[in-house]
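Notes for the structure review
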Amino acid sequence: MKEDNESIEPALQNEFSKEGKEVNGQEQTTIRSTEGAEAPEKDLAAEVAFLNDQLLRALAEFENYKKRIQREISGITQNASEKLIIELLPVVDDMERALKVARELAPEDPKMQQFVQGHEIIYGKLMKVLEGRGLKAMDSIGKPLDANLHDALMVIEVPEAAPHTVVDEHEKGYFLNDRVIRHAKVIVSR
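Now for a description of the structure that goes with this document. All values reported here derive from a predicted model rather than from experimental measurement. (Residues numbered from 1 in each chain as written. Predicted model: local features only at pLDDT ≥ 70, side-chain atom pairs only at ≥ 80, totals over all residues. Heavy atoms only, no water.)

A short note on the overall build of the chain
The number of helices and strands found in the chain is four helices and eight strands. In the chain, the order of α-helices and β-strands from amino to carboxyl end is α-β-β-α-α-α-β-β-β-β-β-β. The proportion of buried residues among the 190 residues of the chain is 18%. Contacts in the chain between residues far apart in sequence, at least 24 positions, make up 59% of those at least 6 positions apart. Of the accessible surface of the chain, which amounts to about 14700 Å², a share of 55% is contributed by carbon and sulfur atoms. (Helix = DSSP H or I, 4+ residues; strand = E, 2+ residues; numbered from the N terminus. Buried < 20%, exposed > 50% of the residue type's maximum accessible area, 1.4 Å probe, protein only. Contact = heavy atoms within 4.5 Å. Areas by Shrake-Rupley, 256 points an atom, 1.4 Å probe, with all protein chains shown as cover.)

Below you can see the structure in the form of structure tokens.
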């Protein structure tokens, strides 16, 4: 029987290795499988792959966060002057009305022409500054009525105009960075 144990023991030693430790004064034997030595390496590789995936996801999420913050900051800076521009629009309207009246009252008077030219220069500079901030006037006359752009004040009979077409503009409408900040107040054909 000893022969059988001796022949089995080397076979088991190939498959298992014994590790001895002393715990509380007693020797403890731990048997480890040598075949399972690849299992911890597989676990380690899987964990590395998992952590690498998590890192890539975190980096992608951080890049998306940075892009979103940049878009928000860009939007804030583009529209930061919106309130001031809205408050200046009545001044622009008054300047346009004053220029129109001055041109009509005394077209031959040289002093009035100088006055009109001076105001046109000032008006042009103001509009250039506002346009540099993203302001753009709507072109409404001759266009179909659009509730997203126009406020209809009155409907009149105009034989040469198609129905629901803007025939006159009481107050200009404006866009700020392609967003409506003031609807045009218009007169529409029936």
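Side note on the environment of Asp-168
With respect to the helices and strands, the residue Asp-168 is situated in strand β5 (residues 166–171). Taking the relative accessible area as the measure of exposure, Asp-168 reaches 39% and is therefore partly exposed. Once the C-alpha coordinates of Asp-168 and Val-188 are considered, the two residues, 20 residues apart in sequence, prove to be 7.1 Å apart. Apart from the residues lying within four places of it in its own chain, the contact partners of Asp-168 are Ile-141, Val-186 and Ile-187.

Remarks on a nonpolar patch on the surface
Side chains of Leu-55, Leu-56 and Leu-59 sit close together on the surface and give an oily, nonpolar patch of about 290 Å² of accessible area. Along the chain, Leu-55 turns up in helix α2 (residues 38–78). Of the residues examined, Leu-55 reaches a relative accessible area of 47% and is grouped as partly exposed. (Patch = residues over 30% accessible without salt bridge, like charges linked within 9 Å, V, L, I, M, F, W, Y side chains within 5 Å. Salt bridge = Lys/Arg side-chain N within 4 Å of Asp/Glu carboxyl O.)

Topic: the nonpolar core
Counting residues in hydrophobic clusters, the biggest one holds 14 residues, and the most contacted among them are Met-127, Leu-135, Tyr-174 and Ile-181. At the level of secondary structure, the elements contributing two or more residues to this core comprise α3 (82–105), α4 (110–132) and β6 (174–176). Per-element tally for this core: the top contributor is α3, with six residues. With sequence-adjacent residues up to four places away left out, Met-127 is seen in contact with Val-92, Leu-135 and Tyr-174. In this structure, Met-138, Val-166, Phe-175 and Ala-184 belong to the second largest nonpolar core, which totals six residues. (Core = buried A, V, L, I, M, F, W, Y, C linked by side-chain atoms within 4.5 Å.)

Notes on the environment of Ala-98
Locating Ala-98 in the fold gives a position in helix α3. Residues Ala-98 and Val-116, 18 residues apart in the sequence, show an inter-C-alpha distance of 8.9 Å.

Some words on unusual backbone geometry
For Asn-177, which is not a glycine, the phi torsion comes out positive at approximately 50 degrees. Of note, Asn-177 is situated in the loop between β6 and β7 (179–182). Its relative accessible area of 28% is what places Asn-177 among the partly exposed residues.

Let's talk about the sheet that holds strand β4 (residues 150–156)
Picture the strands of a sheet paired through backbone hydrogen bonds; they go either parallel or antiparallel. Reading across the sheet, the three strands line up as β4-β8-β5 and stay open at both edges, with mixed pairing between neighbours. Only two strands of the sheet have a single neighbouring strand rather than two, namely β4 and β5. Strand-to-strand twist in this sheet, taken as the mean axis angle between neighbours without regard to direction, amounts to 30 degrees. (Pairing = 2+ DSSP bridges. Axes fitted to C-alpha atoms, helices over the stretch in contact; angles between N-to-C directions.)

Focus on the pattern of salt bridges
The final tally for this structure, using the stated rule, is 11 salt bridges. Between Glu-72 and Arg-68 there is a salt bridge, and its shortest N-O distance comes to 4.0 Å. Within this pair, Glu-72 and its partner Arg-68 are both found in helix α2, separated by four residues, close to a single helical turn. By relative accessible area, Glu-72 is classed as partly exposed at 42%. Arg-68 sits in the partly exposed class, given a relative accessible area of 39%. When the shortest N-O distance is used, the salt bridge between Arg-182 and Asp-93 registers 2.9 Å. Here Arg-182, found in strand β7, pairs with Asp-93, found in helix α3; they are 89 residues apart in sequence, far enough to count as distant.

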